[in-house]
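Reading the structure
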Amino acid sequence: MKFQKIMKLVTTALFIAIICVATIVIQIPSPLTGYFNLGDCFVLIAAWFLGMGYGSLAAGIGSALADIILGYTMYAPATFVIKAFMAVAAYLIFNAMKKPFIGKIVSSFSAEAIMVLGYFVYESVILKYGLAAASAIPTNIAQGAVAIIAAIALASAMEKSKALNSFLKGKKQ
């Protein structure tokens, strides 16, 4: 039991780092606002592999940490909440579905819808951008679409790795 708990914490810390690095290193500027990154891809994977509690912590901390490092500190609190909520939704919907592949598709679309809506509400209400916040919606939708495709492809490949599966399940080898 102790080994499994340590493995879960180590894996969570690893996902925090992966989410942060994927958000920072892989940046493609958007012609409209902001930039594309692969952080959401790993937010979804963290939810599917780590579960609701650890997955949401990895998603929220890793993404908010990237905002802080990149100088988008005003977004960090919203990012923490939005990404954590995305992971919770992705986990719950994925677990409710009978077929894992369909579960990944439905849960990832739901999580990315939370991201698009969450940032729109934050920018329009909290940052007081009003309807001008809608200009970020196309970029966020495109980023979500890329994340969905990348997450499903990468998670499918990860599931085929026996060593990785034993690591994620906390089994000694």
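So, a few notes on the structure that sits alongside this text.

Cut-offs and rules
- Residues numbered from 1 in each chain as written.
- Predicted model: local features only at pLDDT ≥ 70, side-chain atom pairs only at ≥ 80, totals over all residues.
- Heavy atoms only, no water.
- Helix = DSSP H or I, 4+ residues; strand = E, 2+ residues; numbered from the N terminus.
- Rg over C-alpha atoms; globule rule 2.2 N^0.38 Å.
- Buried < 20%, exposed > 50% of the residue type's maximum accessible area, 1.4 Å probe, protein only.
- Areas by Shrake-Rupley, 256 points an atom, 1.4 Å probe, with all protein chains shown as cover.
- Lys, Arg positive; Asp, Glu negative; His and termini not counted.
- Charge placed at Lys NZ, Arg CZ, Asp CG, Glu CD.
- Salt bridge = Lys/Arg side-chain N within 4 Å of Asp/Glu carboxyl O.
- Contact = heavy atoms within 4.5 Å.
- Polar contact = N/O pair within 3.5 Å; in protein donor to acceptor, adjacent residues only side chain to side chain.
- Expected span 1.5 Å × (residues − 1).

Notes on the overall build of the protein
When helices and strands are tallied, the protein shows 7 helices and 2 strands. Secondary structure elements of the protein, listed N to C terminal, follow the sequence α-β-β-α-α-α-α-α-α. The C-alpha radius of gyration of the protein comes to 16 Å, within 12% of the 16 Å expected for a compact globule of 173 residues. Expressed along its principal axes, the backbone C-alpha trace of the protein runs to roughly 55 × 30 × 25 Å. Looking at the protein as a whole, 45% of its 173 residues are labelled buried. In the structure as shown, the protein presents an accessible area of about 9,000 Å², 75% of it carried by carbon and sulfur atoms. Of note, the protein has its 13 positive side-chain charges centred 18 Å away from the centre of its 5 negative side-chain charges.

Things to note about the side chain of Asp67
Tracing the sequence through the fold places Asp67 in helix α3 (residues 52-70). Within the buried core, Asp67 has no salt-bridge partner, and the shortest N-O distance to an opposite charge, that of Lys83, equals 7.9 Å. Apart from the residues lying within four places of it in its own chain, the contact partners of Asp67 are Tyr72, Thr73, Tyr75, Ala76 and Thr79.

What to know about the side chain of Ser56
With respect to the helices, strands and loops of the structure, Ser56 is situated in helix α3. Within polar-contact distance, the side chain of Ser56 engages the backbone oxygen of Met52 at 2.8 Å. Here Ser56 is in contact with Gly51, Ala84, Ala87 and Val88, once residues within four sequence places are set aside.

Concerning the environment of Lys128
You can see Lys128 is positioned in the loop between α5 (100-126) and α6 (137-159). With a relative accessible area of 70%, Lys128 lands in the exposed category. For the pair formed by Lys128 and Gly103, sequence separation is 25 residues and the distance between their alpha carbons is 36 Å.

Points about helix α2 (residues 39-50)
With 12 residues, α2 should cover 16 Å at 1.5 Å per step; its first-to-last C-alpha distance of 16 Å lies within 8% of that length. A large share of α2 lies buried, amounting to 12 of its 12 residues. Of all the positions in α2, only Gly39, Asp40, Cys41, Phe42, Val43, Leu44, Ile45, Ala46, Ala47, Trp48, Phe49 and Leu50 are classed as buried. In the stretch just after α2, Gly51 is the one whose phi turns positive, near 95°.

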